[in-house]
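An overview of the molecular structure
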Amino acid sequence: MIFEADKISVRYGSHEVVHQVSLSLRSGEVLCVIGPNGSGKSSLVKALAGVVDPFTGRLSLDGSPLSSRSRKEIAKHIGYVPQNLHYLTSSTVLEVVILGRRPHVHWSLSLHDLQVVEEAMKRVHVSHLADKLLSETSGGERQRVFLARTLAQEPDIFLFDEPTSSLDIKHQIEVFSMIKWLSALGKAVLVVVHDLNFAYHFADRVLLMHGGHGVTLGKADDVMTKERIFEVYGVSMEFLRSGSNMYIFPEWDKV
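Residues numbered from 1 in each chain as written. Predicted model: local features only at pLDDT ≥ 70, side-chain atom pairs only at ≥ 80, totals over all residues. Heavy atoms only, no water.

**Some words on the overall build of the protein chain**
Broken down by element type, the protein chain carries nine helices and twelve strands. For 255 residues, the compact-globule estimate of 2.2 N^0.38 gives 18 Å, and the protein chain sits close to it at 18 Å. Across its three principal directions, the C-alpha atoms of the protein chain cover 55 × 40 × 35 Å. Taken over 255 residues, the protein chain has a buried fraction of 49%. Long-range pairs, those at least 24 residues apart, make up 66% of the contacts in the protein chain between residues at least 6 apart in sequence. Total accessible area on the protein chain is roughly 12300 Å²; 52% of this is exposed by carbon and sulfur atoms. (Helix = DSSP H or I, 4+ residues; strand = E, 2+ residues; numbered from the N terminus. Rg over C-alpha atoms; globule rule 2.2 N^0.38 Å. Buried < 20%, exposed > 50% of the residue type's maximum accessible area, 1.4 Å probe, protein only. Contact = heavy atoms within 4.5 Å. Areas by Shrake-Rupley, 256 points an atom, 1.4 Å probe, with all protein chains shown as cover.)

Spelled out as structure tokens, the structure:
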């Protein structure tokens, strides 16, 4: 499956926050979107997920316009994990994850639906929270609940908006390991991420954004150069190699 965005722009009122960004996302691929705060990353993902309508541009699945499909049909193919869902805080964790099955349910939940929900909760370690209200969970737990909800949806394409922002390092690694597992299953994954090291090590391709524009899109080694990172972030970074691994750190004496 190929998900394509052609010259997508997003406006809030008269303010354009995303300027004609184009990208493609293929089955089995992890595409990381990086860039400083305010560069339009979250707005781009919201447009890709259908949460906001693009001001200009075209979205398509396998060459077919997304606008020609029903919302339910789109939900079977595209799963979106936002940074937060405030309106669900009066629901239990189990109820939130069950919502992920909504595109597949006709009248009532089947045994298969419940098994999918159970497996999704186990995958991100939230089974023990099933009876808790979402409002009673921590920020990190809540983020994992949203991950479970989208896993239960079983889409072909996953759109993650900073899925590790509230998580400790152990759970951050677990989430990115899950992302690689999804891509190994043939899922297409786009993930907005601030940590450049996660982008470098887990992405098949990287989209660098700045000021609402897509600066460049390609392999991490081609996109994440010392010169380009300084140009976009305004921070000097040190690229250190240890064996076959590369690590990216700020040059603290130049900050």
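**Notes on the sheet that holds strand S1 (residues 2-12)**
Here four strands make up an open sheet; going across it, the order is S2-S1-S4-S5 and the pairing antiparallel. Of all the strands in the sheet, just strand S2 (15-26) and strand S5 (64-65) have a single pairing partner and so form its edges. As judged from the eight bridges shared by S1 and S2, these two strands associate in the antiparallel manner. Note that in S2 the partner of Ile2 across the bridge is Arg26. Helix H1 (residues 41-49) contacts S1, S2 and strand S4 (56-61) of the sheet and is inclined by roughly 120 degrees relative to S1. (Pairing = 2+ DSSP bridges. Axes fitted to C-alpha atoms, helices over the stretch in contact; angles between N-to-C directions.)

**Side note on the packing of helix H4 (residues 111-123) against helix H5 (residues 139-153)**
As a packed pair, H4 and H5 sit with axes 8 Å apart at the nearest point and diverge in direction by 140 degrees. When the axes of H4 and H5 are compared, the pair comes out oblique. Judged by the twist between their axes, the crossing of H4 over H5 is right-handed. Within the contact between the two elements, H4 uses Val116, Val117, Ala120, Met121 and Arg123 and H5 uses Ala148, Leu151 and Ala152. Residues that form the contact of H4 with H5 fall into these classes: seven nonpolar, no polar and one charged. (Parallel < 35°, antiparallel > 145°, perpendicular 65-115°, else oblique. Left-handed = near helix turned anticlockwise from the far one by under 90°. Nonpolar A, V, L, I, M, F, W, Y, C, P; charged D, E, K, R; others polar.)

**Section: the pattern of salt bridges**
All told, the structure shown has six salt bridges when counted by the stated rule. A salt bridge links Glu29 to Arg205, with the shortest nitrogen-to-oxygen separation between them at 2.4 Å. Of this pair, Glu29 sits in the loop between S2 and strand S3 (30-34) while Arg205 sits in strand S9 (residues 205-210), placing them 176 residues apart in sequence. Comparing Glu29 with Arg205, the two get one shared label, buried. Shared partners join several salt bridges into a network, and the residues in it are Lys226, Glu238 and Glu251. (Salt bridge = Lys/Arg side-chain N within 4 Å of Asp/Glu carboxyl O.)

**As for the environment of Val175**
By secondary structure assignment, the location of Val175 is in helix H6 (residues 169-184). Along the sequence, Val175 and Leu147 sit 28 residues apart, while their C-alpha atoms lie 8.7 Å from each other. In this structure, Val175 is in contact with Leu147, Pro163, Thr164 and Leu167, ignoring residues within four places of it in sequence.

**With respect to the sheet that holds S9**
Spatially, the six strands line up as an open sheet ordered S6-S7-S8-S3-S9-S10, and their pairing is mixed. Two strands in the sheet have a free side with no partner beyond their single neighbour: strand S6 (78-81) and strand S10 (213-218). Geometrically, the sheet is characterised by an average inter-axis angle of 15 degrees between neighbouring strands, direction not taken into account. Note that S3 and S9 share four bridges and pair parallel. If you follow Val33 over to S9, its bridge partner there is Leu207. In this fold H6 packs onto S3, strand S7 (157-161) and strand S8 (188-192), with an angle of close to 155 degrees to the strand it touches most, S8.

**Some remarks on the pairing of S6**
Every second residue of S6 is oriented toward a common face, with Ile78 and Tyr80 on one face and Gly79 and Val81 on the other, all of them buried. Pairing of S6 with S7, which is carried by four bridges, proceeds in the parallel orientation. In the strand pairing of S7, Val81 is matched with Phe160.

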